[in-house]
2 protein chains.
Amino acid sequence: MGGDFGPRATVSAAVRALQAHPRLHLSLFGQQPALDEALAQLPRGDASSLSRLTLHHSPAVVAEDAKPSSVLRGSKDSSLSMMLDCVASGEAQAAVSAGNTGALMALSRRALGTVAGIPRPAISTAVPTRGKGHCYLLDLGANVEADAGRLVDFALMGEVMARRIDGLERPRVALLNVGIEGTKGTASVREADARLRDFNHMDYRGFIEGDGIYSGHVDVVVCDGFVGNAVLKASEGLARMLIQRVQQTFEAHWGSRLVGFLARPALRRLRGELDPVRYNGASLLGLGGIVVKSHGSADAIGFAHAISRAMQEVREDLPSQLAHELSERRPVIASVACDRGDSGTDARCQTNE
Amino acid sequence: MGGDFGPRATVSAAVRALQAHPRLHLSLFGQQPALDEALAQLPRGDASSLSRLTLHHSPAVVAEDAKPSSVLRGSKDSSLSMMLDCVASGEAQAAVSAGNTGALMALSRRALGTVAGIPRPAISTAVPTRGKGHCYLLDLGANVEADAGRLVDFALMGEVMARRIDGLERPRVALLNVGIEGTKGTASVREADARLRDFNHMDYRGFIEGDGIYSGHVDVVVCDGFVGNAVLKASEGLARMLIQRVQQTFEAHWGSRLVGFLARPALRRLRGELDPVRYNGASLLGLGGIVVKSHGSADAIGFAHAISRAMQEVREDLPSQLAHELSERRPVIASVACDRGDSGTDARCQTNE
């Protein structure tokens, strides 16, 4: 029910994904009339793929602007809650949603808990880099403040993801800072840097500055959720502005618009590659299950991409891998009381370290 | 002596600025042989403009990677120090440098002090926005942590700059956050938001997210120096990557390269507009004098732009305006001991509020 396009995008994406993946089964959670309407609008297709689609009527819907605290107190029969219960019970292996991120995070923590003493999951997505590669950036807003211990967690989780999902042998990990010298930055990033230097199994590259995210020189960039959120959203805004200016350049500055016309397919391809400056599908890392957040502005193709992302994480059993590697490599000093999201009322990271 | 191109760019920029502004006088500080060499390489031009140029030999140079603490202990006859002494004595009205930012900041505080109880200056530059406007972003790294009081200072200073330098009647000011709801973000931004709502003279627009920087809807965006630095540098990196991809799109994907060839002037203009995603010349705001930092990668045209920026601030007498308006509108609760940069050894903001 979430995202800018609602069931129109999610239902169409579901059918697209079922056709592309013959062994995929999907459950859709939402208000039955809306789901039926979206299904009815689809072109008649392959009936066999629809046999792998199950609709679940959810009476309630979590509003885009609902606070996580009120969502936790609220209805258990919202589409988000019902979807996550289905993962918690083992009936489904992963959840994908374009809904309210804070609510998704709070409900996911309650339904699935976290692994290896992680107090609060991190959100991560891949951004495109030079050389047509990509780089995972985390956290993107779940932890608006992060002490050194949390930054180290993010580095460990990002590294596991890049290794398992992308098959990189030794992902290159870096900490985002205002300079590359060891004396720069906050106490948290300096302390995290010192700790990460002791991780011999990790290809830790030290500090990078903001431009390093797009350089193609590293595979994982770690920062607190405030910084990551600001950087990602600023990048989206800048990319949209730049693409608009490229188009205006071709529309306005030519006596004949022939060149603009000829350039159109190239510009369309470019926009597809770069707008909105991330591959759709952000992973909630550190949960006891797989949850992928689709961007609110994603269309059916984008949402289908987020479904593929979830499938990759299922194939690699990412939560178990994270639990295993974090337990091995991370000194477990967080209190167990943090393991389950109990209140979720505070948007900040509440570590018990 | 600073920047990627050293005196080659600064000397050429100086002559360019003297030719453009018939009443401008410039003093250049650097090692005499390097200055002489750069001057000798310039095309023979208007001798009358060179009569307004004075060369000052400085035996020492501050290294790009020198720490502010060691620079403060070090030689007083570096080009940076001598330039700032010249401003402190009133011999010059503004300083422009492409050198080590941390050293420039520390030496500027020592030589010029700060106004209105500001504990530490902020760095601000303009970034391009939709609709071909621009927006001031601050802080860009001088204060890697900023409490509510500092964020309010940044808002006040950015507002004065946009009003005085750009002639805007009521600049629109916003606080950068991870969401637009009042419950989002750190305690500092929420507290700063509450305080700014009480400033009736200011057109305060509340929180914006990262993409709002480039939207054209606000004129000043306030955040701590860590976030601002990360956002600005990520934007520079992204813009370079995007422009490279636009070029590759035209070079690789066309049977004939005719379109790419025809598109070249438009692409060149675009690059000029957007790379490196800021108008060159970052202001150090809150000092008892005018200091403008030119980007290290700026060429002679970019450095000349930074000189123009300094001239604008001289015309408006920006430090006095800031001192006046801050004293009127800001509750002076910072200790006077902060007024002069005494040690500069810590990269963090040390407010006594």
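Below you will find a few notes about this structure. (Residues numbered from 1 in each chain as written. Chains lettered and ligands numbered in written order. Predicted model: local features only at pLDDT ≥ 70, side-chain atom pairs only at ≥ 80, totals over all residues. Heavy atoms only, no water.)

Things to note about the overall build of chain A
(1) Moving on: A tally of regular secondary structure across chain A gives twelve helices and ten strands.
(2) Moving on: Put simply, chain A has 353 residues, and 56% of those count as buried.
(3) Moving on: Of all intrachain contacts in chain A linking residues separated by at least 6 positions in sequence, the fraction that spans at least 24 positions is 73%.
(4) Moving on: On chain A, roughly 14400 Å² of surface is accessible, and the fraction owed to carbon and sulfur atoms is 49%. (Helix = DSSP H or I, 4+ residues; strand = E, 2+ residues; numbered from the N terminus. Buried < 20%, exposed > 50% of the residue type's maximum accessible area, 1.4 Å probe, protein only. Contact = heavy atoms within 4.5 Å. Areas by Shrake-Rupley, 256 points an atom, 1.4 Å probe, with all protein chains shown as cover.)

Looking at unusual backbone geometry
Residue and element names in this part refer to chain A.
(1) Moving on: The omega torsion of the bond from Leu-138 to Asp-139 falls at 0°, within 30 degrees of zero and hence cis.
(2) Moving on: Counting through the fold element by element, Asp-139 comes out in the loop between β5 (134-138) and α7 (148-166).
(3) Moving on: Residue Ala-116 is not a glycine yet carries a positive backbone phi of 50°.
(4) Moving on: Checked against the element boundaries, Ala-116 lands in the loop between α6 (101-112) and β4 (122-128).
(5) Moving on: We note that Lys-132 has phi near 60°; this positive angle belongs to a residue other than glycine.
(6) Moving on: With respect to the helices and strands, the residue Lys-132 is situated in the loop between β4 and β5.

Some thoughts on helix α6 (residues 101-112) of chain B
Residues and elements named next belong to chain B.
(1) Moving on: Relative to the 16 Å expected for twelve residues at 1.5 Å per residue, α6 spans 16 Å between its end C-alpha atoms, a close match to the ideal helical length.
(2) Moving on: Burial analysis of α6 places nine of its twelve residues in the buried class, which makes it a mostly covered element.
(3) Moving on: Among the residues making up α6, those that are buried are Ala-103, Leu-104, Met-105, Ala-106, Leu-107, Ser-108, Arg-109, Ala-111 and Leu-112.
(4) Moving on: For α6, the secondary structure elements touched by its buried residues are α4 (68-73), α5 (79-88), β3 (94-97), β4 (122-128), β9 (282-285) and β10 (290-293). (Expected span 1.5 Å × (residues − 1).)

Focus: the sheet that holds strand β9 (residues 282-285) of chain A
Residues and elements named next belong to chain A.
(1) Moving on: Taken in spatial order, the eight strands make up an open sheet running β3-β10-β9-β4-β5-β8-β6-β7, and their pairing is mixed. Of all the strands in the sheet, the pair left with one neighbour each is β3 (94-97) and β7 (203-208). Mean inter-strand twist for the sheet, computed between neighbouring axes without regard to direction, equals 25°.
(2) Moving on: In the sheet, strand β6 (residues 172-176) pairs with strand β8 (residues 220-222) via three bridges, with the strands oriented parallel. By the bridge assignment, Val-173 is partnered in β8 with Val-220.
(3) Moving on: Across the sheet, α6 touches β3, β4, β9 and β10 (290-293), and the angle it forms with β10 is around 180°.
(4) Moving on: Docked against the sheet, helix α8 (residues 187-196) engages β6 and β7, running at close to 160° with respect to β7. (Pairing = 2+ DSSP bridges. Axes fitted to C-alpha atoms, helices over the stretch in contact; angles between N-to-C directions.)

Section: helix α8 (residues 187-196) of chain B
(1) Moving on: Here α8 of chain B has its buried residues at Val-189, Ala-192, Asp-193 and Leu-196 of chain B. End-on view of α8 of chain B: buried residues confined to an arc of 105°, all on one side of the axis. (Arc of directions from axis to C-beta.)

Details of the state of the cysteines
Residue and element names in this part refer to chain A.
(1) Moving on: Across all of its chains, the model carries zero disulfides over all chains by this definition.
(2) Moving on: Residue Cys-135 stays outside any disulfide, its sulfur separated by 9.9 Å from that of Cys-223, the closest cysteine.
(3) Moving on: Exposure remark for Cys-223: the relative accessible area of 3% places this residue in the buried category. (Disulfide = S-S within 2.5 Å.)

Quick word on the pairing of strand β6 (residues 172-176) of chain B
Residue and element names in this part refer to chain B.
(1) Moving on: Along β6, four of the five residues are buried, which leaves the element largely enclosed by surrounding structure.
(2) Moving on: Where β6 lies against strand β7 (residues 203-208), four bridges are found, and the strand directions are parallel. Bridging from a neighbouring strand, Leu-175 pairs with Phe-207 of β7.
(3) Moving on: The parallel pair β6 and β7 is bridged by α8, and the resulting crossover is right-handed. (Right-handed = clockwise from strand over helix to strand, strands pointing away.)

Considerations on the sheet that holds strand β8 (residues 220-222) of chain B
Residues and elements named next belong to chain B.
(1) Moving on: Across the sheet, which stays open at both edges, the eight strands sit in the order β3-β10-β9-β4-β5-β8-β6-β7 with mixed pairing between neighbours. Edge strands, defined here as strands with exactly one partner in the open sheet, are β3 and β7. Taking each pair of neighbouring strands and ignoring which way they run, the sheet shows an average axis angle of 25°.
(2) Moving on: Where α5 meets the sheet, it contacts β3 and β10, and its direction lies at approximately 160° from that of β3.

Digging into the pairing of β9 of chain B
Residues and elements named next belong to chain B.
(1) Moving on: Residues Ala-282 and Leu-284 line one face of β9 and the alternating positions Ser-283 and Leu-285 line the opposite face, and both faces are buried.
(2) Moving on: Relative to β10, β9 runs antiparallel, the two being bridged by two bridges. The residue bridging Ser-283 from the neighbouring strand is Val-292, located in β10.

Looking at the packing of α7 of chain A against α8 of chain A
Residue and element names in this part refer to chain A.
(1) Moving on: Axis separation between α7 and α8 bottoms out at 8 Å; the angle between their running directions is 50°. On the basis of the axis angle, α7 is oblique to α8. In the crossing of α7 with α8, the sense of the turn from one axis to the other is right-handed. Residues Ala-148, Gly-149, Leu-151, Val-152 and Ala-155 of α7 pack against Ser-188, Val-189, Glu-191, Ala-192, Arg-195 and Leu-196 of α8.
(2) Moving on: Considering only residue class, the contact of α7 with α8 consists of seven nonpolar, two polar and two charged. (Parallel < 35°, antiparallel > 145°, perpendicular 65-115°, else oblique. Left-handed = near helix turned anticlockwise from the far one by under 90°. Nonpolar A, V, L, I, M, F, W, Y, C, P; charged D, E, K, R; others polar.)

Notes on the packing of α7 of chain A against helix α12 (residues 318-329) of chain A
Residues and elements named next belong to chain A.
(1) Moving on: Between α7 and α12, the shortest axis-to-axis distance is 10 Å and the interhelical angle comes to 130°. Overall, the two elements α7 and α12 adopt an arrangement that is oblique. When the axes of α7 and α12 are compared, the crossing they make is right-handed. For the pair α7 and α12, the contacting residues are Leu-156, Met-157, Val-160, Met-161, Arg-163, Arg-164 and Ile-165 in the first and Leu-318, Gln-321, Leu-322, Glu-325, Leu-326 and Arg-329 in the second.
(2) Moving on: Taken together, the residues of the contact of α7 with α12 sort by class into eight nonpolar, one polar and four charged.

A short note on the pattern of salt bridges
(1) Moving on: Within the structure shown, the criterion is met by 26 salt bridges over all chains.
(2) Moving on: Between Glu-325 of chain A and Arg-329 of chain A there is a salt bridge, with its nearest N and O atoms 2.7 Å apart. Placement of both Glu-325 of chain A and Arg-329 of chain A in helix α12 is noted, with a separation of four residues, approximately one turn of the helix.
(3) Moving on: Given a relative accessible area of 8%, Glu-325 of chain A falls into the buried group.
(4) Moving on: Residue classification places Arg-329 of chain A among the partly exposed residues on the basis of a relative accessible area of 33%.
(5) Moving on: The residue Arg-197 of chain B makes a salt bridge to Asp-193 of chain B at a minimum N-O spacing of 3.2 Å.
(6) Moving on: Residue classification places Asp-193 of chain B among the buried residues on the basis of a relative accessible area of 8%.
(7) Moving on: A single network of salt bridges, built from pairs that share partners, joins Glu-159, Arg-163, Arg-164, Glu-325 and Arg-329 of chain A. (Salt bridge = Lys/Arg side-chain N within 4 Å of Asp/Glu carboxyl O.)

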